[in-house]
There are 2 protein chains.
Amino acid sequence: MQAQLIALDWGTSSLRAYKLGPAGVVLEQRSLASGIMHLPSEAREIAGVLCSDGFELAFDAACGDWLEAEPGLPVIACGMVGSAQGWSEAAYRNTPVDVASLGQALHKVLSLRGVEVHIVPGVIEQVGLPNVMRGEETQVLGVLPGLETEVLIGLPGSHSKWVEVVGGRITHFDTFMTGEVFAVLSKHSLLGRTQKPSETFQADAFDRGVHVALSDEGERGVLSTLFSARTLGLTAQLLPEQQPDYLSGLLIGHELAGLPDRAKHLPIILVGAAPLCARYQRALARCGFAHVSLAQEATERGLWQLAVAAGLTQPV
Amino acid sequence: MQAQLIALDWGTSSLRAYKLGPAGVVLEQRSLASGIMHLPSEAREIAGVLCSDGFELAFDAACGDWLEAEPGLPVIACGMVGSAQGWSEAAYRNTPVDVASLGQALHKVLSLRGVEVHIVPGVIEQVGLPNVMRGEETQVLGVLPGLETEVLIGLPGSHSKWVEVVGGRITHFDTFMTGEVFAVLSKHSLLGRTQKPSETFQADAFDRGVHVALSDEGERGVLSTLFSARTLGLTAQLLPEQQPDYLSGLLIGHELAGLPDRAKHLPIILVGAAPLCARYQRALARCGFAHVSLAQEATERGLWQLAVAAGLTQPV
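Model, not experiment: these values are computed from the prediction.

**Quick word on the overall build of chain A**
Counting its secondary structure elements, chain A contains ten helices and 17 strands. Computed over C-alpha atoms, the radius of gyration of chain A comes to 21 Å, within 12% of the 20 Å expected from 2.2 N^0.38 for 316 residues, which places it in the range of a compact globule. The principal-axis extents of the C-alpha atoms in chain A amount to approximately 65 × 45 × 40 Å. Long-range contacts, defined here as pairs at least 24 residues apart, represent 64% of the contacts in chain A between residues at least 6 apart. Within the structure as shown, chain A displays about 13000 Å² of accessible surface, and the carbon and sulfur contribution to it stands at 49%. Across chain A, the 22 positively charged side chains and the 33 negatively charged ones have centroids separated by 5 Å.

Structure below.
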């Protein structure tokens, strides 16, 4: 099949490149460690010019050969590549925003190879405390087709997002730093000292953590319940190898307890790495959220739709 | 004045030694970095024996010369020195517990020098999620004389404690990992990357953090509001040098929001380092806590009272 589009999912710690064919089918894909905070630094010749720019080098490593073989392929990218620390800043669009309309707001940067890279703008919410996303708007668009009018899309990760979508418009979203808090506490706090890694998922410990977060004691907040990861160990109620999953369940439970009440009645779609989504699905069931499903290939589908909306490629 | 007692406040990261005279007046004091996690390791001769035990070495460095000069002085110690990772484990006492009665439950360890060190037991609460303290029980006792029957004692720190005391008995307490969470997030998370240290206290930023924690948005929990430390920076509403105190106010605000409602009507006494207590006092005022006062020299007073209760020394 003939390639139609190069689609890049370019975040803080990784860069995924997709060569898409007719109707957005994935022909080839690659994963590089060249996130915007981990760019290559060794100068190399690109299009006959010695280049030391990290973005150019990463871009070339990701899809230089694809462009060499098919020079006219359009390129689209989403994620932190469009941030102030990225290749070129794509200004945020304000909520409420029609997700498909972001295809009319792509920001262009001209690469050394002479190819234009079309960067998807992030979304900002400025009602109350400001909130931002870059990349998740594309995933949201990628899962929308076929969904009900009003949905809540959960994107678990270092900085989990919960996005409310009504009629194709992002109306509100929240961010929870759950994944990063879990990582830094496990690695750098007292709690990590008594933890042992477990080869298997410690379901009981995870469920117990979720339960504590939702209990009366959980209402004191996570700064208080965190200490139980230590004291349950001290009192031999939690083995060292149960402590990581207890902490995981506790933090995810607090995240879910922070969702608005109306979320309980909305269909929920989870987008992200399968093992993490499985944890969230389990915790959501224990928290009384009834309608939960999983979505896949959200980013590449979203990028394809945005490229179609921008006229970079044909829908079929 | 004649020395009466050697009192040690021996925690995880430091060891404070006091030589106390009649009525517990402080004659001399020292501060060493030899907390139980930072013990000396270089072997040295103690009482004619070459010794490489870290606890013996630290003990000798703290008060060996005092004991040499006055061999009969009794020694009392509180803090993590009595934990499972300490010199010798002093079993926890259960809540509710009469604080003064801990003087009848001192745990003895015989030092190389032939001197008995009397270790104060910690306190455990086993109703609901377990909770533990070591050292704070002594500070609580040190501030009790002259107080009302029912008080709430706040001990801010890495692991802040809030202790309810009724008629001299600890009836309940909570722990919040506020200080440690602040430290690990500032040092190891994304939030630290945009922070700049400030030479002066950024009062407006601190107050704003407290306010956010208490707002409707604060009800989503600290995992959610944390991200505002980043987005307020991104949107130029918070300067890099304001971000540390914003985060401090935010976390302390969430801690105070987690205190039980009845705490608002209790007299509150704060015990701890003056700059940290000043932050809590400021935040408490903004949270509607009316009766707040500060206490000093809580540890040495508490150790003195326990030694008197144990008959190690005379009250006057």
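**Focus: the pairing of strand E15 (residues 169-176) of chain B**
Residues and elements named next belong to chain B. With six of eight residues buried, E15 is to be regarded as a mostly interior element. Strand direction decides the pairing type here: strand E8 (residues 97-98) and E15, joined by two bridges, are antiparallel. Paired with Val97 across the two strands is Ile170, which belongs to E15. Note: strand E14 (residues 160-166) against E15, seven bridges, orientation antiparallel. Note on E15: the bridge partner recorded for Val166 is Arg169. Counting the residues in the hairpin turn of E14 and E15 gives two residues, including Gly167, whose phi is positive at 55°.

**Digging into empty space enclosed by the protein**
Evaluated as defined, the whole model comprises two cavities of 30 Å³ or more. Its volume calculated, the largest cavity comes out at about 50 Å³. Going through the elements one at a time, helix H6 (222-225) of chain A together with helix H6 (222-225) of chain B are the ones with two or more residues in the lining of the largest cavity. Grouping the amino acids of the lining of the largest cavity by side-chain chemistry returns nine nonpolar, no polar and no charged. Taken as a whole, the second largest cavity holds about 40 Å³ of empty space. Lining the second largest cavity are Leu191, Thr194, Gln195, Ala229, Arg230, Gln243 and Leu247 of chain B. Those elements that place two or more of their residues in the lining of the second largest cavity are helix H7 (228-234) and helix H8 (243-257) of chain B. Broken down by class, the residue content of the lining of the second largest cavity amounts to three nonpolar, three polar and one charged.

**Comments concerning the interface of chain B and chain A**
Each side of the interface is counted separately: chain B has 48 residues, and chain A has 48 residues. Together chain B and chain A conceal approximately 3800 Å² of surface at their shared face, both sides included; 71% is due to carbon and sulfur atoms. Here chain B is connected to chain A by two salt bridges. At the boundary of chain B with chain A, the tally comes to eleven residue pairs in polar contact (both at pLDDT 80 or more). The set of elements that each furnish at least two residues to the side of chain B that touches chain A consists of strand E12 (131-133), E15, helix H3 (178-188), helix H4 (190-193), H6, H7 and H8 of chain B. Counted by class, the side of chain B that touches chain A contains 24 nonpolar, 16 polar and eight charged residues.

**Points about H8 of chain B**
Here H8 of chain B spans 21 Å end to end across 15 residues, near enough to the 21 Å set by a 1.5 Å rise per residue. Most of H8 of chain B is tucked away, with 14 of its 15 residues classed as buried.

**Topic: the nonpolar core**
With 80 residues, the main nonpolar core has Trp162, Leu226 and Leu256 of chain A together with Trp162, Leu226 and Leu256 of chain B as its most contacted residues. Sequence-distant contacts of Leu256 of chain B, that is, excluding residues within four places in its chain, are made with Trp162, Tyr280, Ala283, Leu284, Cys287 and Phe289 of chain B.

**Side note on the pairing of strand E14 (residues 160-166) of chain A**
All names here are of chain A. The element E14 is largely enclosed, with a buried count of six among its seven residues. Pairing of strand E13 (residues 150-155) with E14, which is carried by six bridges, proceeds in the antiparallel orientation. The partner of Glu150 across the bridge, within E14, is Val166. Between E13 and E14, which pair antiparallel one after the other, the connecting turn spans four residues.

**Concerning the sheet that holds strand E11 (residues 123-125) of chain A**
Residues and elements named next belong to chain A. The strand order across the open sheet built from three strands is E7-E11-E12, with neighbouring strands paired in mixed fashion. The outermost strands of the open sheet, each flanked by one partner alone, are strand E7 (93-94) and strand E12 (131-133). In terms of strand pairing, E7 meets E11 through two bridges, oriented parallel. Bridge pairing in E11 places Arg93 opposite Val123.

**Notes on the packing of aromatic side chains**
All names here are of chain A. The tally for this structure, following the rule as stated, stands at ten aromatic pairs over all chains. Ring geometry for Phe55 and Trp87: centres 6.1 Å apart, planes at 10°, overall stacked. A residue pair is termed long-range when its members are at least 10 positions apart, and Phe55 in helix H1 (residues 54-69) and Trp87 in the loop between strand E6 (75-78) and E7 qualify at 32 residues. The exposure class assigned to Trp87 is buried, which follows from its relative accessible area of 15%. Looking at Lys264, its charged tip hangs above the ring of Phe289, at a distance of 5.5 Å from the centre.

Rules behind the numbers
- Residues numbered from 1 in each chain as written.
- Chains lettered and ligands numbered in written order.
- Predicted model: local features only at pLDDT ≥ 70, side-chain atom pairs only at ≥ 80, totals over all residues.
- Heavy atoms only, no water.
- Helix = DSSP H or I, 4+ residues; strand = E, 2+ residues; numbered from the N terminus.
- Rg over C-alpha atoms; globule rule 2.2 N^0.38 Å.
- Contact = heavy atoms within 4.5 Å.
- Areas by Shrake-Rupley, 256 points an atom, 1.4 Å probe, with all protein chains shown as cover.
- Lys, Arg positive; Asp, Glu negative; His and termini not counted.
- Charge placed at Lys NZ, Arg CZ, Asp CG, Glu CD.
- Buried < 20%, exposed > 50% of the residue type's maximum accessible area, 1.4 Å probe, protein only.
- Pairing = 2+ DSSP bridges.
- 1 Å grid on protein atoms, 1.4 Å probe; cavity = no way out; pocket = protein on both sides within 12 Å on 5 of 7 lines; lining within 4 Å.
- Points joined across faces, edges and corners; volume = space filled by probe spheres on them.
- Nonpolar A, V, L, I, M, F, W, Y, C, P; charged D, E, K, R; others polar.
- Buried area = accessible area lost by both parts, 1.4 Å probe.
- Salt bridge = Lys/Arg side-chain N within 4 Å of Asp/Glu carboxyl O.
- Polar contact = N/O pair within 3.5 Å; in protein donor to acceptor, adjacent residues only side chain to side chain.
- Expected span 1.5 Å × (residues − 1).
- Core = buried A, V, L, I, M, F, W, Y, C linked by side-chain atoms within 4.5 Å.
- Phe/Tyr/Trp six-rings, centres within 6.5 Å; stacked < 30°, edge-to-face > 60°.
- Lys NZ or Arg CZ within 6 Å of the ring centre and 35° of its normal.

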